[in-house]
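# Secondary and tertiary structure notes
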Amino acid sequence: MAKSRQTFSEQDVSYSSPTGGRSREWEGPARWTEYLGQDMTSPMTSRGSRNAGPEGTSQHLGGSHKGLNMQWVYQLSEVAEGLMAKMYRLNQILDYPDPVGLVFSDAFWKAGVFPNHPKICMLLSKKFPEHHTRLQLERIDKIALDALNDNVEVHLQSLEPWVQLLLDLMSFREQALRLILDLSSTVITLLPHQNSVILHAFMDLFCAFVRVNLFAEKIPRKMLLQTYNLLHAMTHNDRDCDFYHRLVQFVDSYDPPVKGLHEDLSFVSPRVGEVLEAVGPVIFLSADTRKLRNEGFLSPFHPRYPDILTNSAHPMRAQDLANVTSYREWVLFGYLVCPDELLRVTSIDIASVVLKENLVLPLFRDEYILLHEDYQLYVLPRILESKKMAKSGRTKQKEADLEYSVAKQVEKMISEVHEQAILSCDAIHQERRILLKQEIGRMVLFFTDQPSLLAPNIQVS
């Protein structure tokens, strides 16, 4: 894959091992050259560039006390795609293991990444974050332990690229969080019709950050770290590798990932809630296919006079509808990791509309999470906690009554929306496909008849 080294060629380092990788922990885009391949441009980055316009790649946040280069924001979203591509590749090599359920196929052990000694490796993973010196491994499988000693260098070499991936995930977390904080703390208004470039950059990076950390649960992080450290100790007089304790803390804080995301993103939660409220009207409109068809939101023709050509009966709403796929994604990820924002009065309706339309939440390519299961596991307990606090009267009575009432409605919605989605989402998507097919067909006929109205420099990709 071609690397985009032309911008950051002054910093060239070794990527072959975690030891060499420690020198990579400087600030800025040069840290991530490996993941900024020219062929790895992400949909998020492309959207951001299109939204940015000719000045978007060099735009700075003027309202911040320190300028923030928007190009770096786009590039870090691309880094997220690169990290997920590497995790996806690891899962392919390992035959798609289940690290949470500790289910590993024969192909996993024969892949050549981990030593083929299941008892030792699985115990290390199961007992995480216990240090290997406390596990009395020689009693578990002394023959396997001796075999590890005999081939320790080979095993270390096999694991090093993937331990480097863990280091990259940890560094990505630190840098992405700083950028998200800078974007959210700016005094600039972030709404669909005000500073939309910065809004999309902020929310795309936010969603990329969530995706990366949710996907990371699908790779055997604990086994990877613990096995590598055991092998390292065998060759370094029982000393842990330099980054061991930092990685233990990182992996443990994201076990499970959603709880770590709740903690990390609590500072940005109110800003995300404001954004989700702002895109609510567009989401409501997009769910009403009858209104879209009857009012001609997607058509160049006047809705009541088919022979009259208009720029659009609703130009602003038409532009919003072009971004509605992103808005739905923002809602699903936003309320999952910022559950307190569901207690806003209008949020329950916004979340309900989008949750009814989906059963899974895509992460990368064909990887996904079960949407409603995660909402019930991680969002519902937070809502119940808020409901309990409101009932105990820790706030003013009027506010407590309102919070209790809203929390009760959110609880009911989350408990019931899964069944509603099973019954309705297929019909919703079918109706939406029919509408889009009809409108595209009308567009084709129209521009075939009037080709001169096509913009000469229109982007078709």
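Since this is a predicted model, take the numbers as computed values, not measurements.

## Thoughts on the packing of helix α11 (residues 257–264) against helix α17 (residues 371–391)
Between two packed helices, both the angle of their axes relative to each other and the distance between the axes serve to describe the pair. Two elements in contact, α11 and α17, have axes separated by 10 Å at closest approach and are oriented at 40°. Classified by the angle between their axes, α11 and α17 sit oblique to one another. For the pair α11 and α17, the crossing hand works out as right-handed. In this structure, α11 contributes Val258, Lys259 and His262 to the contact, and α17 contributes Asp374, Tyr378 and Arg382.

## Thoughts on the side chain of Asn213
Here Asn213 lies in helix α8 (residues 196–216). Of the residues examined, Asn213 reaches a relative accessible area of 4% and is grouped as buried. Asn213 has contacts with Tyr254, Pro257 and Leu261, leaving out every residue within four places of it along the chain.

## Structural notes on α8
Counted at 1.5 Å a residue, the expected span for α8 with its 21 residues is 30 Å, and the 30 Å between its end C-alpha atoms agrees. Taken across its 21 residues, α8 has 20 buried, putting it largely inside the fold.

## Quick look at the nonpolar core
One finds Leu169, Phe172, Phe206 and Leu265 to be the most contacted residues of the largest nonpolar core, which totals 129 residues. If we skip the residues at most four places from it in the chain, Leu265 touches Leu177, Phe206, Phe209, Val210, Val337 and Cys338.

## Topic: the pairing of strand β2 (residues 367–370)
Side chains Glu367 and Ile369 project from β2 onto a buried face, and the interleaved Tyr368 and Leu370 project onto a face without burial. Bridge analysis of strand β1 (residues 360–364) against β2 gives four bridges, and the strand direction is antiparallel. Note that in β2 the partner of Pro362 across the bridge is Tyr368. The hairpin formed by β1 and β2 contains two residues between the paired strands, and Arg365 there has a positive phi angle of roughly 50°.

## Some points on the environment of Arg344
Its place among the elements puts Arg344 in the loop between α15 (324–337) and α16 (347–356). The partly exposed category is assigned to Arg344, whose relative accessible area is 22%. Every residue in contact with Arg344, bar those within four places of it in the chain, is listed here: Pro270, Gly273, Glu274, Glu277 and Val406. Here Pro270 takes part through its backbone oxygen, which lies 3.0 Å from a polar atom of the side chain of Arg344.

What counts as what
Residues numbered from 1 in each chain as written. Predicted model: local features only at pLDDT ≥ 70, side-chain atom pairs only at ≥ 80, totals over all residues. Heavy atoms only, no water. Axes fitted to C-alpha atoms, helices over the stretch in contact; angles between N-to-C directions. Helix = DSSP H or I, 4+ residues; strand = E, 2+ residues; numbered from the N terminus. Parallel < 35°, antiparallel > 145°, perpendicular 65-115°, else oblique. Left-handed = near helix turned anticlockwise from the far one by under 90°. Contact = heavy atoms within 4.5 Å. Buried < 20%, exposed > 50% of the residue type's maximum accessible area, 1.4 Å probe, protein only. Expected span 1.5 Å × (residues − 1). Core = buried A, V, L, I, M, F, W, Y, C linked by side-chain atoms within 4.5 Å. Pairing = 2+ DSSP bridges. Polar contact = N/O pair within 3.5 Å; in protein donor to acceptor, adjacent residues only side chain to side chain.

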